[in-house]
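Report on the structure
So you can see what is in the structure, the chains are spelled out below.
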Amino acid sequence: MIKNIPLIPLRDLVVFPSTLVPFIIGRTTSIKAIEKATSKDKLIFLSAQMDPALDNPGEKDIFSVGVIAKIIRSIKMDDKNIKVIVEGKERARIIEFISAYPTYDVLVKEMKEIRNSGEVVNELLKRILSLFEDYLKLSQNANFESIIPALRDNSPERIADMVSSHLYLPLEEKQNLLETINSLERLRRLNFILENEILKIHTKLKNEGKKPGRGKPSFTKPGQKIFPPGISAKKDEQANELEEMRRKVVESKMPSDANDKANKEIDRLETMPPMSAEATVSRNFLDWLISMPWSKKSREKRNLNEAERILNEDHYGLEKVKERILEYLSIRQLVKNPRGIVIGFLGPPGVGKSSLGKSIARATGRKFVRLSLGGVRDEAEIRGHRRTYIGAYPGRIIQMLKKAGTKNPVFLLDEVDKMSMDFRGDPASALMEVLDPEQNNTFLDHFLDTEFDLSQVMFIVTANMLDPIPRPLIDRMEIINLPGYTDEEKLQIAKQFLIPKQMKEHGLKQENFKISDTALRKIIREFTREAGVRNLEREITAVCRKMVKKVVLKGKDYSESITPKKLETYLGIPRFRRTAINREDEIGGAVGMAWTEFGGELLTFEVTKCYGKGNFTLTGQLGEIMQESAQAAFSYVKGKLCELQLDLEEHKNIDIHIHVPEGATPKEGPSAGITIATSILSLLLNIPVNRKIAMSGEITLKGKILPIGGIKEKLLAAHREGFMEAILPSDNRPDLKDFPKNILEEMTIHFVDHMDEVLRIALTKPLPDVLSKEDAETCMGKTERAEKGPQNPSLPQ
């Protein structure tokens, strides 16, 4: 294939196919050739000139065989010189010189290589690779570990070209290798050259009294010229850059291991071609090492009163969290270097877990960084990639510490329960080292490959649920529960924080906009249903937007007070209807309390019976644990039939169906046991359940009541919906110590140990006369014998 292509004559440089080569051009014809090629297909013909001293070589001064190359990158260094990176593509021969001004334009024809294969080629190739590895080591080439693996995955022709490009040979010898198109002949020639070069190096080292492998590598022969005249000053720039790096390494006060790695990498960088890919990787690595905050720390605030003022200024309530931070600051006053702490905030969305991190950083005087772990599934996101990979970077932990600029920031790991895992590893397991105070002082990132001390970082982990988090990871945190806010707390948050914030963002003044407490309570109860305050803030924002429109239309002096009656004008009809508590007490229906990651909720359980075969049906998208709890409650009820003097024969022919409304919502957990048992017995006994009582508790087959979780959230939900009585297991009594006292005073809590107590409280009428235990067992025995029939029907009775 013949091509019309610009030519650049090279001084003391031969470019081979399949190699990346940087060089600098300064001649006008060469610069114009680059510009011409860049404007078309970026292809250029490169051929060495026979005499490097000639500035304007003629046709006879340029070797006819060269290489067609593609321009990868060109950088203008100054007014006279351009740095170019090219990739050799194919061998070609000059057929005709078309012009020599303003650029060398030639007709070239691609040369087809004679390819060889077989056992001889393979053995020769192994021999060359082994010799080449020895040659690189003897030459002290710092890149041999990356060069050799790159060679092994190529064809014999490409390997021969790549090896040739790395040898320090006379120009004529390299040109000879380029012009040899028979791959087998080229391999044989390379084998001979490598043996001779290794012998020369050994002889030279022996004469100088040195052992092989010592001394810095020499990439150019004495007197060899790669760059045009006048470019030697650029080498001084690289030397200055390396000296600047050494100075920064000293100033960063790295540990000894990191310092050694940095200086070793600088020594390697000194031996590399400035534009090589390996040099870019080394510079990137050194930049990261130098920029890490090895010794930089924020000066902490240790004034407890000031810290408490800041915490109260930013958040309402949350006394446990504030107390823990003040305790930590107190320790800092007595101990110079206490161990770092790892606090886990667990609670529903919108209760202020993430914003607490910023507040803690402000109270302690530390820098704040946040890392969202939602959706992270790659271990390298935590520990980083090894530098052998293209585009490798440190993990997010190291990246965030660099961003913070100090070694003791407040580090928020957000949504840790939303992490997942796949074939790339388990990031949750990688986090164990980060969050363990016994191990994180020697945290090892794969990219930095040196230890970094995380022990002075204050880690704050947030999650909505504990179940998805591995148990060993939970064990490394101090878990602080942030339950949902009460209606009164939401009211105070809206008045003290949300309304002033939104008025400022919307440009409203105190005179323009006033909202009554009753209107705020209506928003809280009828327009939102959540544990936090996010939706409450959205509704307040909607009211502010409409007020802004009125102020703009009617003037800046416009003023209005928002009352409950006006809310529907601004927000529309209420989105949530209160649970009906004023209806008549119902047979076969009870109200249970449930916990979700969004806070507490109330569930209505409905039970009905119909003609059938004694089957038991559950509907309402109930989870496996809740189904088992319902089955246990049903078995307990069947065991009570004789004791309650109910007709067993009658109940053999009816089916029991339990349904939990809102069938689209999944429901799970064992705490519905007493609610289901109460509903079934209410149906069978024909006694209504008191609809003003909410209940929660796990039931056993013997009727015992076991403790459950989420007490605060459940009681808050019941109080929010207007339930002033609740039934809970006795073992949950200690859980009410941290419950708001004003709500406890308004509610009546019944603590129970057995199902009989639940029935006495929840049913509106007394239970019928109960048989004694012995009579009940006798009844059950008769029923079983009746079901089996006569033992020997052939004999008369």
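For clarity, every value in this text was computed on a predicted model and none was experimentally measured.

Reading guide: rules and limits
- Residues numbered from 1 in each chain as written.
- Predicted model: local features only at pLDDT ≥ 70, side-chain atom pairs only at ≥ 80, totals over all residues.
- Heavy atoms only, no water.
- Pairing = 2+ DSSP bridges.
- Helix = DSSP H or I, 4+ residues; strand = E, 2+ residues; numbered from the N terminus.
- Axes fitted to C-alpha atoms, helices over the stretch in contact; angles between N-to-C directions.
- Contact = heavy atoms within 4.5 Å.
- Phe/Tyr/Trp six-rings, centres within 6.5 Å; stacked < 30°, edge-to-face > 60°.
- Buried < 20%, exposed > 50% of the residue type's maximum accessible area, 1.4 Å probe, protein only.
- Lys NZ or Arg CZ within 6 Å of the ring centre and 35° of its normal.
- Expected span 1.5 Å × (residues − 1).
- Polar contact = N/O pair within 3.5 Å; in protein donor to acceptor, adjacent residues only side chain to side chain.
- pLDDT = per-residue confidence, 0-100.
- Parallel < 35°, antiparallel > 145°, perpendicular 65-115°, else oblique.
- Left-handed = near helix turned anticlockwise from the far one by under 90°.
- Salt bridge = Lys/Arg side-chain N within 4 Å of Asp/Glu carboxyl O.
- Right-handed = clockwise from strand over helix to strand, strands pointing away.
- Core = buried A, V, L, I, M, F, W, Y, C linked by side-chain atoms within 4.5 Å.
- Nonpolar A, V, L, I, M, F, W, Y, C, P; charged D, E, K, R; others polar.

If you trace the five strands from one edge of the open sheet to the other, you get β8-β9-β12-β7-β13, paired in parallel fashion. Taken across any chain shown, the strands that pair with only one partner, and hence form the sheet edges, are β8 (368-372) and β13 (478-481). For this sheet, the mean inter-axis angle between neighbouring strands, taken without regard to orientation, is 20°. Pairing geometry for strand β7 (residues 342-346) and β13, over four bridges, is parallel. Of the residues in β13, the one forming a bridge with Leu-346 is Asn-481. Contacts between helix α12 (residues 353-364) and the sheet are confined to β7, β8, β9 (410-414) and β12 (458-463), with β9 contributing the most and set at about 175° to the helix.

We now examine the packing of aromatic side chains. With the rule as written, the count across this model stands at seven aromatic pairs. Summarising the aromatic geometry, the rings of Phe-285 and Phe-447 are spaced 6.1 Å apart at their centres and angled 65° between planes, so their arrangement reads as edge-to-face. Of this pair, Phe-285 sits in helix α9 (residues 277-291) while Phe-447 is found in the loop between β10 (443-444) and β11 (451-452), placing the two residues 162 residues apart along the sequence. Classification of Phe-447 as buried rests on a relative accessible area of 2%. An aromatic cluster is defined as three or more aromatic residues linked by ring pairs; in this entry it consists of Phe-132, Tyr-135 and Tyr-168. Geometry around Phe-285 places Arg-387 over its ring, the cationic atom sitting 3.8 Å from the centre. Over the face of the ring belonging to Trp-288 we find Lys-402, whose NZ or CZ atom lies 4.0 Å from the ring centre.

This part takes up α12. With twelve residues, α12 ought to run about 16 Å at 1.5 Å a step, and its terminal C-alpha atoms sit 17 Å apart, in line with that. When we look at burial in α12, the residues that qualify are Lys-353, Leu-356, Gly-357, Ser-359, Ile-360, Ala-361, Ala-363 and Thr-364. Looking at the packing, one finds that the buried side of α12 touches α10 (304-314), α11 (319-334), β7, β8, β9 and β12. With its phi angle positive at about 80°, Gly-365 sits one or two positions after the end of α12.

Before going further, it helps to examine the environment of Ser-47. Inspection of the secondary structure puts Ser-47 in strand β3 (residues 43-48). Residues Ser-47 and Gly-66, 19 residues apart in the sequence, show an inter-C-alpha distance of 4.4 Å. Not counting chain neighbours up to four residues away, the residues in contact with Ser-47 comprise Leu-7, Ile-8, Pro-9, Leu-10, Ile-62, Phe-63, Val-65 and Gly-66. A polar contact is formed between the side chain of Ser-47 and the backbone oxygen of Val-65, at a distance of 3.5 Å.

Moving on: the confidence of the model for the protein. Taken residue by residue, the protein gives an average pLDDT of 82. The fraction at 70 or more is 88%. For residues 213-235, every residue scores under 50 in pLDDT, and the model assigns this stretch 35 contacts once sequence neighbours within four places are set aside. With pLDDT under 50 throughout, residues 790-797 is counted as low confidence; its partners more than four residues away or in other chains account for two contacts.

Attention shifts here to the packing of α10 against α11. One can describe the packing of α10 onto α11 by two numbers: an axis separation of 10 Å at closest approach and a directional angle of 155°. It follows from the interaxial angle that α10 and α11 lie roughly antiparallel. α10 and α11 meet at a crossing whose hand is right-handed. Contacts between α10 and α11 involve Leu-304, Ala-307, Glu-308, Leu-311 and Asn-312 on the former and, on the latter, Lys-322, Ile-325, Leu-326, Leu-329, Ser-330 and Gln-333.

Quick look at the pattern of salt bridges now. For side chains bearing opposite charge, pairing can occur when the charged atoms are close. Counted under the stated rule, the structure contains 43 salt bridges. Measuring nitrogen to oxygen at the nearest pair gives 2.8 Å for the salt bridge that ties Asp-105 to Lys-36. One end of the pair, Asp-105, is in strand β6 (residues 104-110); the other, Lys-36, is in helix α1 (residues 28-39), and 69 residues separate them in sequence. For Lys-36, a relative accessible area of 29% puts it in the partly exposed group. A salt bridge links Asp-756 to Lys-640; its shortest N-O distance comes to 3.1 Å. You can see Asp-756 sitting in helix α26 (residues 755-762) and its partner Lys-640 sitting in helix α21 (residues 624-640), a full 116 residues away along the chain.

Both strand β23 (residues 725-729) and strand β24 (residues 748-752) contribute to a ladder of five bridges, which runs parallel. The partner of Pro-729 across the bridge, within β24, is Val-752. The parallel pair β23 and β24, bridged by helix α25 (residues 741-746), forms a crossover whose chirality is right-handed.

Ile-397, Phe-411 and Leu-413 are the most contacted members of the largest nonpolar core, which totals 53 residues. Those residues in contact with Ile-397, other than ones at most four positions away along the chain, are Leu-371, Glu-381, Ile-382, Phe-411, Leu-413, Val-434, Phe-443 and Leu-454. In terms of nonpolar packing, the next biggest core, distinct from the first, is built from 52 residues, Leu-326, Leu-482, Val-533 and Tyr-558 among them.

Interhelical geometry of helix α23 (residues 673-685) versus α26 gives an angle of 60° and a closest axis separation of 10 Å. Here α23 lies oblique to α26, going by the angle between them. Considering how the two elements wind past one another, α23 and α26 form a crossing that is right-handed. Two secondary-structure elements touch here, α23 through Ile-674, Ala-677, Thr-678 and Leu-681 and α26 through Met-755, Val-758, Leu-759 and Ala-762. A breakdown of the residues in the contact of α23 with α26 according to their chemical character gives seven nonpolar, one polar and no charged.

This part takes up the environment of Ser-629. Summarising the element assignment, Ser-629 is placed in helix α21. For the pair Ser-629 and Leu-701, spaced 72 residues apart in sequence, the C-alpha separation works out to 9.8 Å. Every residue in contact with Ser-629, bar those within four places of it in the chain, is listed here: Pro-670, Ala-672, Gly-673 and Ile-699. A distance of 3.1 Å separates a polar atom in the side chain of Ser-629 from the backbone oxygen of Pro-670.

Glancing now at the environment of Leu-571. The residue Leu-571 is located in helix α20 (residues 567-571) in this model. Remark: the alpha-carbon pair of Leu-571 and Phe-527, spanning 44 residues in sequence, is separated by 8.3 Å. Excluding anything up to four places from it in sequence, Leu-571 contacts Ile-523, Phe-527, Glu-539, Ala-542 and Val-543.

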